[in-house]
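Residue-level structure breakdown
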Amino acid sequence: MLSLKLAFRNLLGAGLRTWLNVSVLSIAFVVMVLYNGMLDGWNRQAHEDTIVWEIGGGQLWHPLYDPFDPLGLQDAHGLIDDQMKKLIIQKQLVPVLISQGSIFPHGRMQNVLLKGIQPEQDILKLPANIFVNHIGKEIPAIIGSRMASFTNLKKGDHLLVRWRDKNGTFDAREFNIVEIFQSNVPTIDNGQLWLPLNILQEMTGMENETTILVASSGYKGGNIGEWQFKSPKYLLKEIDDIIKTKKAGSAIIYLLLLSIALLAIFDTQVLSIFRRQKEIGTYIALGMTRSQVVRIFTIEGAAHSILALALGAVYGIPLLYFLQKNGIPMPRSLDSMGVAIAGKIIPVYAFSMVIISILLVVVSATIVSYFPTRRISRMKPTDALKGKIQ
Amino acid sequence: MENKVIIRLSNLYKRYPVGNGEFIALKNINLSFGKGEFTGLVGPSGSGKTTLLNIIGSLDIPSDGIAEVMGQSVSSLTHKQSARLRNYHIGFIFQTYNLLQFYNVFENVEFALLLQKMSATERRKAVMESLEWVGLTDKALSRPAQLSGGECQRVAIARAMVKRPSIVLADEPSANLDSANSHHIVQTMKKLNQELNTTFIFATHDEKVMQYLDRMIRLKDGEVVQE
């Protein structure tokens, strides 16, 4: 307690030098918490959005289906068997048939994925129910806002679509864009055209067939025959990997900031011990042991971190709260990563993350404060009292 | 009156390595100091006064010989034992006062007692008493930067005396003071010596201090030349 009291007194007595070091260290701490909070928030939002828009509670894949092999789609389809039908009726599965096609918006040609889905499904957030209002009329299709922006299509536009059926025969028809939906998930938006399942099945000659089945959160069935069940964890791995990479990158930034702050504390400690030799000699003359003096100076250095945390809390808590309430705007260009990203990220500040950041700051400040103080153990008190340079 | 011997120095040498040879700062010192003495080590600069004072204060150890303080051999003390000896039994007064700049007068004097783990009430009582001895109770909340040289040295005396040590070692206490302050300081210390029976040992070459000494030990080139 004595060492703590003396250390804080000396630290506060040093004035501006202390507060400069403390300010830099507090900025490093707040940036650390904010960055990690932002990435955790992004991760959570991306997970949630991808689950509700694309993967549900997991997916059953046809054995030949590979999302990264568009040429394999030709063969990646199979019959919906009785077990699957039962689960579809129970709303535990929804079939999605995927086929390749081309569209010709405003005279240009673009390759797209045609995806057929049941209008009555409610596992995914996709507004497929809108197809119900267009049965018997023109072939309805819905696209995402990114697709609409890229192709310059609007709601109500007519679009020529060409495809090949299961026998390889080309056909073409005109579709009506009946809805443009807003989603944060680019993988169900870019280059995709959604239409009623039965229509796509009829177009491609793949009656009662599907490519994948999206499961609800209550689905516990696992594989069905040769159809492989892919869990949400598996399907979200790409997002997790990207976030991990981002975290590693951001760690460099805040470790750099932390290093600058710690270097400042280290320099201050070295200078302090050099300038305060007379004081050190006086402490020893008054009856302090060398280890007590080392402790005071180490705590003085480490106390920078306590003050930094306090200062960080003063401006950091309101700032972090404000950002959590209002979100952090994200540029749309990040879509190109192919990962779900909302227009605004809501940061998530996990308690464990904050504690780890605090410990990192305190422990690292204590370590860099201790090393220069070892010099005190080698000091001659008689020379220190004279203020003689050692 | 027979004073109990509290410091005994026998065949004391202190050597420092210098280049390929050595410098002998103290040669064959044989002295003893009793309780309640008011003694000075006098001599020109470089005569070994401060070195001898440092050894008595267990801030340094002799190269040869014995230095016994309060019945303990300074050479055989551990760092902790040495610190404890200084904490409880020895007070220091330095030429440049060596006050702690971030603490006020009260806290400077109190510092020595913090190491003794006294209660806050006992500490306050002892500090105020000590400040009364030196006539600085009204300056208790002042910082060293706000005090004159004489006042700073009086604070140093109060700090040295607050723990009622057996020995006070004063190294050139009047060197940075004017004539009036020098006399005042030494008179204060003389009064404390008489009232509390504390042994005062000075290192000085100041005539103003010497006139108050009961005993003078003259040093030259590390040797006692006159007592």
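What you see is a predicted model, and the numbers here were worked out from it, not measured in a lab. (Residues numbered from 1 in each chain as written. Chains lettered and ligands numbered in written order. Predicted model: local features only at pLDDT ≥ 70, side-chain atom pairs only at ≥ 80, totals over all residues.)

1. A look at the overall build of chain A
Secondary structure assignment for chain A yields eleven helices and 13 strands. On C-alpha atoms alone, chain A measures out to a radius of gyration of 32 Å, which is more than a quarter above the 21 Å that the 2.2 N^0.38 rule sets for 390 residues. Seen through its principal axes, chain A has C-alpha atoms that stretch 100 × 45 × 30 Å. A buried classification covers 41% of the 390 residues belonging to chain A. Looking at chain A alone, contacts between residues at least 24 apart form 80% of all its contacts between residues at least 6 apart. (Helix = DSSP H or I, 4+ residues; strand = E, 2+ residues; numbered from the N terminus. Rg over C-alpha atoms; globule rule 2.2 N^0.38 Å. Buried ≥ 20, exposed ≤ 12 C-beta atoms within 10 Å, placed from the backbone. Contact = placed C-beta atoms within 7 Å.)

2. With respect to the overall build of chain B
When helices and strands are tallied, chain B shows seven helices and ten strands. Here the C-alpha radius of gyration of chain B, 17 Å, is about what a compact globule of 227 residues would show, namely 17 Å. Referenced to the eigenvectors of the C-alpha coordinate spread, the extents of chain B come out at roughly 50 × 45 × 40 Å. Counting across all 227 residues of chain B, residues that qualify as buried make up 45%.

3. Observations regarding the domain arrangement of chain A
Taken as a whole, chain A is organised into domain 1 (2-52 + 238-386) and domain 2 (58-230). Here domain 1 of chain A and domain 2 of chain A have C-alpha centroids that lie 51 Å from each other. (Domains from an automatic or database assignment.)

4. Comments concerning the sheet that holds strand β9 (residues 215-220) of chain B
Residues and elements named next belong to chain B. Spatially, six strands are ordered β6-β7-β8-β3-β9-β10 in an open sheet, and the strand pairing comes out mixed. Looking along the sheet, the strands with just one partner apiece sit at the ends: β6 (90-93) and β10 (223-226). In this sheet, neighbouring strand axes are inclined to one another by 25 degrees on average, regardless of whether the strands run parallel or antiparallel. Across five bridges, the pairing between strand β3 (residues 38-42) and strand β8 (residues 199-204) is parallel. In the strand pairing of β8, Leu 41 is matched with Ala 203. (Pairing = 2+ DSSP bridges. Axes fitted to C-alpha atoms, helices over the stretch in contact; angles between N-to-C directions.)

5. Digging into the sheet that holds strand β1 (residues 5-18) of chain B
Working definition: the strands of a sheet are paired by backbone hydrogen bonds and lie parallel or antiparallel to each other. Residues and elements named next belong to chain B. One open sheet accounts for four strands, arranged β2-β1-β4-β5; its pairing is antiparallel. Lying at the two open borders of the sheet, with one neighbouring strand each, are β2 (21-34) and β5 (72-73). When strand β4 (residues 64-69) meets β5, the two strands line up antiparallel, connected through two bridges. Opposite Val 69, over in β5, you have Gln 72 as the bridge partner. In the packing of helix α1 (residues 49-56) onto the sheet, contacts are made with β1, β2 and β4, and the angle to β2 comes to roughly 60 degrees.

6. Thoughts on the environment of Glu 120 of chain A
All names here are of chain A. If you trace the backbone, Glu 120 turns up in the loop between β4 (110-117) and β5 (139-144). For Glu 120, a count of 12 C-beta atoms within 10 Å gives the class exposed. Taking the C-alpha atoms as reference points, Glu 120 and Lys 91, 29 residues apart in sequence, are found 9.7 Å from one another.

7. Overview of the interface of chain A and chain B
Opposite the 16 residues of chain A that make contact, chain B presents 19 residues. Listing elements by their share of the side of chain A that touches chain B, those giving two or more residues are α1 (2-13), α8 (277-285) and α11 (381-386) of chain A.

8. A few points about unusual backbone geometry
All names here are of chain B. Not every positive phi belongs to a glycine, and Asn 28 is a case in point at roughly 50 degrees. For Asn 28, the location among the structural elements is in strand β2. The exposure class of Asn 28 is partly exposed, given the 14 C-beta atoms found within 10 Å. Phi is positive for Asn 98, which is not a glycine, with a value near 55 degrees. The class of Asn 98 is buried, set by 23 C-beta atoms lying within 10 Å.

9. Quick notes on helix α2 (residues 16-55) of chain A
Residue and element names in this part refer to chain A. Counted at 1.5 Å a residue, the expected span for α2 with its 40 residues is 58 Å, and the 56 Å between its end C-alpha atoms agrees. Of all 40 residues in α2, 28 are buried; the element is thus mostly enclosed. Two residues or fewer after α2 comes Gly 56, characterised by a positive phi angle close to 55 degrees. (Expected span 1.5 Å × (residues − 1).)

10. Re the packing of helix α3 (residues 105-114) of chain B against helix α4 (residues 120-133) of chain B
All names here are of chain B. Taken N-terminus to C-terminus, the directions of α3 and α4 make an angle of 125 degrees; their axes are 9 Å apart at the nearest point. What the angle tells us is that α3 and α4 run oblique. Every pair of crossing elements has a handedness; the one defined by α3 and α4 is right-handed. For the pair formed by α3 and α4, the contact residues are Phe 106, Val 109, Glu 110 and Leu 113 on the first element and Arg 123, Ala 126, Val 127, Ser 130 and Leu 131 on the second. For the contact of α3 with α4, a count of residues per class yields six nonpolar, one polar and two charged. (Parallel < 35°, antiparallel > 145°, perpendicular 65-115°, else oblique. Left-handed = near helix turned anticlockwise from the far one by under 90°. Nonpolar A, V, L, I, M, F, W, Y, C, P; charged D, E, K, R; others polar.)

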